[in-house]
Amino acid sequence: MAKKHKNPFKELEASLHEAPPEMKQRVMNDIAAAKLIMDMASLFSINLGGALRKLFRTLGDN
């Protein structure tokens, strides 16, 4: 007869504890800051080419 194996994921789930609210807030603030930095980098790097093309196109019209 086959041995019954324990599920290691059930053991991991049993050892989980709730994080303190201060730590949750600090993590959320860090995530918000990282998202802001990524959005700013995207604004100035990815969209820079399109912005310069539009700028030179409008300057050429004058």
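Residues numbered from 1 in each chain as written. Predicted model: local features only at pLDDT ≥ 70, side-chain atom pairs only at ≥ 80, totals over all residues. Heavy atoms only, no water.

Caption draft 1: The overall build of the protein, seen in detail. When you go through the protein residue by residue, the secondary structure sums to three helices and zero strands. Element order for the protein, N to C, with α for helix and β for strand: α-α-α. Here the C-alpha atoms of the protein give a radius of gyration of 26 Å, more than 25% beyond the 11 Å that 2.2 N^0.38 yields for 62 residues. With the principal axes as the frame, the protein shows a C-alpha extent of 85 × 40 × 10 Å. Across the 62 residues that make up the protein, the buried fraction comes to 0%. Counting only carbon and sulfur atoms, one obtains 66% of the accessible surface of the protein, whose full area is about 6,500 Å². (Helix = DSSP H or I, 4+ residues; strand = E, 2+ residues; numbered from the N terminus. Rg over C-alpha atoms; globule rule 2.2 N^0.38 Å. Buried < 20%, exposed > 50% of the residue type's maximum accessible area, 1.4 Å probe, protein only. Areas by Shrake-Rupley, 256 points an atom, 1.4 Å probe, with all protein chains shown as cover.)

Caption draft 2: Summary view of the environment of Gly-50. Position of Gly-50 relative to the elements: it lies in helix α3 (residues 48-61). Separated by 22 residues in sequence, Gly-50 and Met-28 have C-alpha atoms that sit 32 Å apart.

Caption draft 3: Structural view of the pattern of salt bridges. Scanning the entire structure with this criterion turns up two salt bridges. As a salt-bridge pair, Glu-18 and Lys-24 come within 2.4 Å of each other at their nearest N and O atoms. Given a relative accessible area of 64%, Glu-18 falls into the exposed group. Residue class for Lys-24 comes out partly exposed when judged on its relative accessible area of 41%. With a shortest N-O distance of 3.3 Å, Lys-35 and Asp-39 are connected by a salt bridge. (Salt bridge = Lys/Arg side-chain N within 4 Å of Asp/Glu carboxyl O.)

In short, the description is geometric, and any link to function would need to be established separately.
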